[in-house]
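The lines below spell out each chain.
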Amino acid sequence: MGKDYTIKEAFVELDKIASDLEGDNLEIEEMVPKYKRGLELIQFIKKGLKDIKIEINKIKEVLAQTEPYVVG
């Protein structure tokens, strides 16, 4: 995507693109690149969320395998 984005930054940019596309200010020639960029951002967000889910599941597995700590 050109630079390292966070998921939050991608959402912000995607929201801006959606607003632009919903408005009446864009020429048709400007819409296609924005639409393509929106699809790139969606793919980035989906991958990022999938990676986070995998990481959380790994953490859950490790925690499930550890014995509880008993005070006393």
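Attention here is on the structure that accompanies the text.

Rules and cut-offs
Residues numbered from 1 in each chain as written. Predicted model: local features only at pLDDT ≥ 70, side-chain atom pairs only at ≥ 80, totals over all residues. Heavy atoms only, no water. Helix = DSSP H or I, 4+ residues; strand = E, 2+ residues; numbered from the N terminus. Expected span 1.5 Å × (residues − 1). Buried < 20%, exposed > 50% of the residue type's maximum accessible area, 1.4 Å probe, protein only. Arc of directions from axis to C-beta. Contact = heavy atoms within 4.5 Å. Core = buried A, V, L, I, M, F, W, Y, C linked by side-chain atoms within 4.5 Å.

Spacing of three or four residues puts side chains on the same side of an α-helix, whose turn is 3.6 residues. Here helix α1 (residues 7–22) spans 22 Å end to end across 16 residues, near enough to the 22 Å set by a 1.5 Å rise per residue. Of all the residues in α1, the buried ones are Ile7, Ala10, Leu14, Ile17 and Asp20. Down the axis of α1, the buried side of the element spans an arc of 140°, and every buried residue falls inside it. For α1, the exposed residues lying more than 90 degrees away from the buried face are Lys8, Val12, Asp15 and Glu22. Where the residues of α1 are buried, they touch α2 (28–65).

When the terminal C-alpha atoms of α2 are compared, their 56 Å separation across 38 residues agrees well with the 56 Å that a helix rising 1.5 Å per residue should span. Every buried residue of α2 is listed here: Arg37, Gly38, Leu41, Ile45 and Gly48.

Most often, soluble globular proteins keep nonpolar side chains buried together rather than apart. In this structure, Ile7, Ala10, Leu14, Ile17, Leu41 and Ile45 together form the largest nonpolar core, which totals six residues. Of all the elements in the fold, those that place two or more residues in this core are α1 and α2. The element best represented in this core is α1, accounting for four residues. Other than its neighbours up to four places away in sequence, isoleucine 45 contacts Ile7, Ala10, Phe11 and Leu14.

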